[in-house]
Amino acid sequence: MSLSISPAEDCSEYQLWRRGYGVIQHTDTTCERVQNLAARLVAAGHQPDSATVYRKLADLDRITSAGLWLVVHMTYANRVDSTGAPLAARDFKCQPEGHTGGALNMVPAYAGYLALNNMTGQTRSWLMGQGHCVAAIDALNVLTGNLHPEQSERYTGTDGLSRMVADFYSYQQKPDGSTAAPLGSHVNPYTAGGIMEGGYLGFAELQYAHMPLPGESLVAFLSDGAAEEQRGSDWIPRWWRSEDCGLVAPIMIANGRRIEQRTELGTREGLERFEAHLAARGFEPFRFDGRDPAAFVCALADMEHSLQDRSNRALTGELHYPVRIPYGIAETVKGFGFYGAGLNPAHNLPLPDNPRVDIHARQLFHEHASLLWVAPDELAKSTLRLKEHNRQDRPLERDHPLAMRNPPDLVIPAIPCRHDRISPMLAVDVFFRALVKQNPELRPRVGNPDELASNRLKGVLEELKHRVNVPESASESVHGKIITVLNEEAVVSACLANKAGLNLVASYEAFCVKMLGAIRQELIFARHQKVVGRPARWLGLPVIATSHTWENGKNEQSHQDTTFCESLLGEMNDVSRVIFPADYNSALAVLPSVYNNRGTISCMVIPKRDRPCVFDSGEAETLARGGALVVDEDTSGGEPVLLIANGAYQLSEAIRACERLRDTGTSFRLVYVQEPGRFRVPRDTVEAASCLSELEREKLLPSRLHRRIALTHMRPEVFRGHVHTLFPDPGHSRVLGYTNQGGTLNEAGMLFANGCSWGHALVACAEVLNKPPGEWLSSAELAAVEGRGDPLLITRGLP
């Protein structure tokens, strides 16, 4: 809707802004949009008059230009000269580095976001998918004083900017090996307001709709390269609901270039096809000038206004879902504002050579940087007019709502244990439903690639329902809490994004591998937050790998893969737990800590088939606290052999092997390791707090018992490597597990094919005890284990 516009041409502030500043110019279309924006801001009472708006937009041009100037110095220079005087050769870096082109493109975008917050008196959240453009964020944050303490202490005051540009890609280290500078190549915990590293392109596109709560607003800066990278970004209108989602404003920076070549969106035809694609999937795409910060202000304001109107109409029933989501396409060229814009080298180092050693490159730097320079006194005045947080009584952008997520402590439901044969996944089903009911203020999200009911989460499905636009069954609802789509990255991203609520992800173990990139990016960021002293406060998130390797033989070997838990076991144990509940009660007992451990993702490998309840409630609680438990022992016959089980089916095999040992008077101790990461040698002091001490390990696994047999859910080499403390005498230790054998087999067949049955365990005992296996196996059983007989002698009755 167009508002009546006062004659801006008669306003000196308008004319000041209209002239532009340096490389920043304003098209007629942007001028018209700015006048509409000014009228709307005044009408809403956000600004006293249009002249104030134009003055602030002129200030915005100057802050943007200064940001561009600082970004190119971060790439090339060791210091800045605030007077604008040329730098000497020695003032340039020996090895310049930076993602210069993308960072230059992000400067007007982020500056526009900051300005809109000022003009409306509201601190919106922000997200940047292209994390390698962080120089833009850091530059503008330093110029506007929007900083965490580490950067504030180092980069403000005399020579602060020079320290900043020198620190960028300096590679300096502290004595402990960590980086010395509070800067990085991507968004990191020192980046004020940063919530995602953005190293993996495409995940911001999958997450932004699930991030803000009603009443919040999020600006999501996205990459045109990511549009080619990641499937699922065009599903956002399928998931967005005004009842449980805040406002979102996705902005694609369409600079048309990857690192080495142009993107499809770099052509007119490609961009038009992309617009048509978005429109067909529920977006409302529009283009604007991505070189002009004022155009970003107008675009963001219009998008927010439009979606708020549709949100209100959807709440009253006037509109039906999906509602159209405004989608801004900021047209620009890569590296706008500096030499080489639009060319492939603009991505990294746009100049033809290093200014430190090449006169021509130095001249080009000075020529183009001089167009961006802003006099310090003029910049200070502009910054002051756009930095009014105290007067507006609003937080710094550093402390936007998504950056400060801290849900209330949970009310944990009391669920009775069971004693019958039952699926451990039913414990998850019962617990999560009760958790959602007892914490109604927390938004639930369930990530489900497919087959929720098959994975024994039928109750979750019945109560929370698939989110769809047009329900066709009782298990579907327009307002369902379950995000279901055959794309593991999309469903896990829905839960990773929901840091204000309760989450549950469940998938086939083999297909969880496709989630690894998204999960690892989250783990790294959370770990870095903890190290700098600002630990993440979102509630713990379980990612459940079920229908797993040992019980999914009916679907061929593509469905038999232990990579997911193995990979996450390699991450730091204080943020990445890997847990193997063996029965209903152990799953039930560990779930409260999974959710209460904030800033932590837990891989839970849980059988979906019925399993005997091995542990009573007390034992299950002990397992949850300590990560392991002595299951059984018989010390009547001399030095015991130590059996270690890890995984539900492995525990059953170990128990059966122990029965043979007991029958023949052979001493043994059987320990179940539910959380193997607790037994690793900690890799730093932070991780040490989540690992068992040497004394605790000794109580469970005495060093005098050096003859050891382990049966693991994982590949034997992986288990042995991560928890080598369990095997102090490798020559007298054997580890059995998944050896990449499989096919269309039942559970017992999978165990036999991988040499992980009770019979194979007894042969391993014979090896470490230097005894003949015939002490525990009949000749026919031994022949079967050795591949000379009938496997049914070992697999009959299993498990």
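J.: What is the right way to look at the overall build of the chain in this model?
T.: A tally of helices and strands in the chain yields 31 helices and 18 strands. Taken over C-alpha atoms, the radius of gyration comes to 30 Å for the chain, in line with the 28 Å a tight globule of 799 residues would show. Expressed as lengths along the three principal axes of its C-alpha atoms, the size of the chain is roughly 100 × 65 × 45 Å. Looking at the chain residue by residue over its 799 residues, the buried ones come to 61%. Taking the intrachain contacts of the chain between residues at least 6 apart in sequence as the baseline, contacts between residues at least 24 apart amount to 77%. Counting every atom, the chain has about 29200 Å² of accessible surface; 50% of that belongs to carbon and sulfur. The chain carries 81 positive and 94 negative side-chain charges, and their two centres are separated by 1 Å.

J.: How should the packing of aromatic side chains be read in this particular structure?
T.: The relative placement of two aromatic rings is captured by the distance of their centres and the angle of their planes. Tallied over the entire structure, the rule returns 20 aromatic pairs. Ring centres 6.0 Å apart and planes at 70 degrees place the aromatic pair Tyr76 and Phe365 in the edge-to-face group. Note that Tyr76 is positioned in helix H3 (residues 50–76) and Phe365 in helix H13 (residues 359–370), a separation of 289 residues in sequence. We classify Phe365 as buried; its relative accessible area is 1%. When the centroid spacing of 5.9 Å and the interplanar angle of 40 degrees are considered together, the rings of Phe615 and Tyr672 count as tilted. Of this pair, Phe615 sits in the loop between strand E13 (601–605) and helix H23 (617–626) while Tyr672 sits in strand E16 (residues 668–673), and the two are 57 residues apart along the sequence. An aromatic cluster is present here, built from Tyr76, Phe92, Phe338 and Phe365 joined pairwise through their rings. Above the plane of the ring of Tyr321 lies Arg241, whose end atom (NZ or CZ) is 4.7 Å from the centre. In this arrangement the basic side chain of Arg418 is found over the ring face of Tyr584, its NZ or CZ atom lying 5.7 Å from the centre.

J.: What is the right way to read the sheet that holds strand E2 (residues 217–223) from this model?
T.: Strands in a sheet are paired, the pairing made by backbone hydrogen bonds, and the direction either parallel or antiparallel. Strand order in the open sheet formed by five strands is E1-E2-E3-E5-E4, and the pairing between neighbours is parallel. In this open sheet, the two edge strands, each paired with only one partner strand, are strand E1 (125–128) and strand E4 (283–289). Strand-to-strand twist in this sheet, taken as the mean axis angle between neighbours without regard to direction, amounts to 20 degrees. Here four bridges tie strand E3 (residues 247–254) to strand E5 (residues 325–331), and the two strands are oriented parallel to one another. Each residue of the ladder has a partner; that of Ile251, found in E5, is Gly328. Docked against the sheet, helix H4 (residues 100–120) engages E1, E2 and E3, running at close to 175 degrees with respect to E2.

J.: For this particular structure, what's the right way to read the packing of helix H18 (residues 488–497) against helix H20 (residues 516–531)?
T.: A pair of packed helices is captured by two measures, namely the crossing angle of their axes and the spacing between those axes. Following both chains from N to C, one finds H18 and H20 inclined at 20 degrees, their axes separated by 9 Å at the closest point. Classified by the interaxial angle, the pair formed by H18 and H20 is roughly parallel. Here Val492, Ser493 and Leu496 of H18 come into contact with H20, specifically with Ala518, Ile519 and Glu522. Partitioned by chemical class, the residues of the contact of H18 with H20 number four nonpolar, one polar and one charged.

J.: Any chance you could explain the pairing of E5 here in plain terms?
T.: Both faces of the sheet carry side chains from a regular strand, because those side chains alternate between them. Of all the seven residues making up E5, six are buried; the element is thus mostly covered by neighbouring parts of the structure. Note that E4 and E5 share seven bridges and pair parallel. If you follow Glu284 over to E5, its bridge partner there is Pro326. The β-α-β motif built from E4, the intervening helix H12 (residues 293–315) and the parallel element E5 has right-handed crossover chirality.

J.: Can you walk me through unusual backbone geometry in this structure?
T.: Going from Tyr321 to Pro322, the amide bond is cis rather than trans, its omega being 5 degrees. When you line up the elements, Pro322 lands in the loop between H12 and E5. If you check the backbone angles, Glu451 has positive phi at about 60 degrees while not being a glycine. Secondary-structure assignment places Glu451 in the loop between strand E6 (444–448) and helix H17 (458–464). A residue is classified by how much of its surface remains accessible, and Glu451, at 35% relative accessible area, is partly exposed.

J.: Sorry, what's going on with the sheet that holds strand E15 (residues 641–646) here?
T.: Across the sheet, which stays open at both edges, the five strands sit in the order E14-E16-E15-E17-E18 with mixed pairing between neighbours. Each of the sheet's edge strands pairs with one partner strand only, and the pair in question is strand E14 (628–634) and strand E18 (733–736). Between one strand and the next, the sheet's axes are offset by a mean angle of 15 degrees, whatever the strand orientation. As judged from the six bridges shared by E14 and E16, these two strands associate in the antiparallel manner. Counterpart to Ala628 in the pairing with E16 is Val673.

J.: What should I look at first to understand H18 in this one?
T.: Counting buried residues in H18 gives nine out of ten residues, a clear majority hidden from the surface. The complete set of buried residues in H18 reads Glu488, Ala490, Val491, Val492, Ser493, Ala494, Cys495, Leu496 and Ala497.

J.: Is there a simple way to explain the pattern of salt bridges in this structure?
T.: A pair can form between side chains of opposite charge whenever their charged atoms are brought close. Within the structure shown, the criterion is met by 48 salt bridges. The salt bridge partner of Arg40 is Asp302, with a shortest N-O separation of 2.8 Å. Here the residue Arg40 occupies a position in helix H2 (residues 28–43), and Asp302 occupies one in helix H12, the gap between them amounting to 262 residues. Classification of Arg40 by relative accessible area gives partly exposed; the value is 21%. The partner of Asp289 in a salt bridge is Arg291, with the nearest N and O atoms 2.9 Å apart. Judged by relative accessible area, Asp289 falls into the buried class, the value being 11%. Look at Arg291 and you get partly exposed, because its relative accessible area is 36%. In the salt-bridge network here, residues are joined through shared partners; they are Asp244, Arg445, Arg467 and Lys481.

J.: Which parts of the structure should I look at to understand the environment of Ser306?
T.: Mapped onto the secondary structure, Ser306 falls in helix H12. Spatially, the C-alpha atoms of Ser306 and Thr158 are 44 Å apart, while their sequence positions differ by 148 residues. Look past the residues within four positions of Ser306 in its chain and what remains in contact with it is Glu284 and Pro326.

J.: In this structure, what is going on with the packing of helix H16 (residues 425–438) against helix H22 (residues 584–596)? I would like to understand it.
T.: As a packed pair, H16 and H22 sit with axes 8 Å apart at the nearest point and diverge in direction by 40 degrees. Here H16 lies oblique to H22, going by the angle between them. Of the two elements, H16 crosses H22, and the hand of that crossing is right-handed. Of H22, the residues touching H16 (which contributes Leu426, Ala427, Val428, Val430, Phe431, Phe432 and Leu435) are Tyr584, Ala587, Leu588, Leu591, Pro592 and Tyr595.

J.: Looking at this model, I keep getting lost on the pairing of E18. Mind explaining?
T.: Bridging between strand E17 (residues 708–712) and E18 involves four bridges; their strand directions are parallel. The partner of Ala710 across the bridge, within E18, is Val735. Taking the sense of rotation as the criterion, the β-α-β connection linking E17, helix H27 (residues 716–722) and E18 turns out right-handed.

J.: Would you take a moment to explain helix H24 (residues 648–663) for this structure?
T.: What sets the pattern is the α-helix's 3.6 residues per turn: residues three or four places apart point alike. Its 16 residues give H24 an end-to-end C-alpha distance of 23 Å, which sits within 8% of 22 Å, the value for a rise of 1.5 Å per residue. Residues of H24 that are buried include every one of Ala648, Tyr649, Gln650, Leu651, Glu653, Ala654, Ala657, Cys658 and Leu661, and no others. Close packing links the buried residues of H24 with E14, E15, E16, E17, helix H28 (747–753) and helix H29 (758–769). Looking one or two places after H24, you find Gly665, whose phi comes out positive at around 75 degrees.

J.: Mind showing me how you'd approach the side chain of Asn646 here?
T.: Here Asn646 shows up in strand E15. Discounting chain neighbours no more than four positions away, the residues touching Asn646 are Phe580, Tyr672, Val673, Pro676, Leu711, Thr712, His713, Met714 and Phe719.

J.: Sorry, what's going on with the side chain of Ser493 here?
T.: Tracing the chain through its elements places Ser493 in helix H18. There is a polar contact of 2.7 Å between the side chain of Ser493 and the backbone oxygen of Glu489. Every residue in contact with Ser493, bar those within four places of it in the chain, is listed here: Phe203, Leu206, Gln207 and Ala518.

Rules used in this analysis
Residue positions within a chain follow its written sequence, with the count starting from 1. Residues qualify for local features only when their pLDDT is at least 70, as the model is predicted, and side-chain atom pairs are given and counted only at 80 or more; totals for whole chains, interfaces and linings, by contrast, use all residues. Processing note: side-chain calculations cover all non-hydrogen atoms of the structure and skip hydrogens and water entirely. Think of it this way: any DSSP run of H or I at least four residues long counts as a helix, any run of E at least two long counts as a strand, and we number them from the N terminus. The atom set for the radius of gyration is the C-alpha atoms, and the globule formula is 2.2 Å times the number of residues raised to the power 0.38. Note on classification: 1.4 Å probe, protein chains only; a residue is buried when its accessible area is under 20% of the maximum for its type, exposed when over 50%, partly exposed between these limits. Working rule for contacts: check all heavy atoms of both residues, and any pair within 4.5 Å makes them a contact. Each accessible area is a Shrake-Rupley result for a 1.4 Å probe, and residues are judged covered by the shown protein chains and nothing else. By the counting rule applied here, Lys and Arg register as positive and Asp and Glu as negative, while His and the ends of each chain are not counted. We put the charge of a Lys on NZ, of an Arg on CZ, of an Asp on CG and of a Glu on CD. Ring pairs shown here join Phe, Tyr and Trp side chains whose ring centres sit within 6.5 Å, with only the six-membered ring taken for Trp; geometry is labelled stacked below 30 degrees between planes, edge-to-face above 60, and tilted in between. Think of it as a cone above the ring: NZ of Lys or CZ of Arg counts as a charge over the ring if it is within 6 Å of the ring centre and within 35 degrees of the ring normal. The rule for pairing is simple: two strands pair if DSSP sees at least two bridges between them. Helix axes are fitted to C-alpha atoms over the stretch in contact, other axes to C-alpha atoms as well, and angles between N-to-C directions run from 0 to 180 degrees. Each angle gets one of four labels, with under 35 degrees taken as roughly parallel, over 145 as roughly antiparallel, 65 to 115 as roughly perpendicular, and the rest as oblique. Polarity classes work like this: nonpolar for Ala, Val, Leu, Ile, Met, Phe, Trp, Tyr, Cys and Pro, charged for Asp, Glu, Lys and Arg, and polar for all others, with Gly in that last group. A crossover counts as right-handed when, viewed with the strands pointing away from the observer, the path leading from the first strand over the helix to the second turns clockwise. Note on definitions: salt bridges are taken to be side-chain nitrogens of Lys or Arg within 4 Å of carboxyl oxygens of Asp or Glu. Each crossing gets its hand from how the near helix is turned against the far one by less than a right angle, where anticlockwise is left-handed and clockwise is right-handed. Every helix has an expected span of 1.5 Å times one less than the residues it contains. Whenever a nitrogen or oxygen atom comes within 3.5 Å of another N or O atom, the pair is scored as a polar contact, on the condition that within protein one atom can donate a hydrogen and the other can accept it, and that pairs from neighbouring residues in sequence are kept only if both atoms are in side chains.

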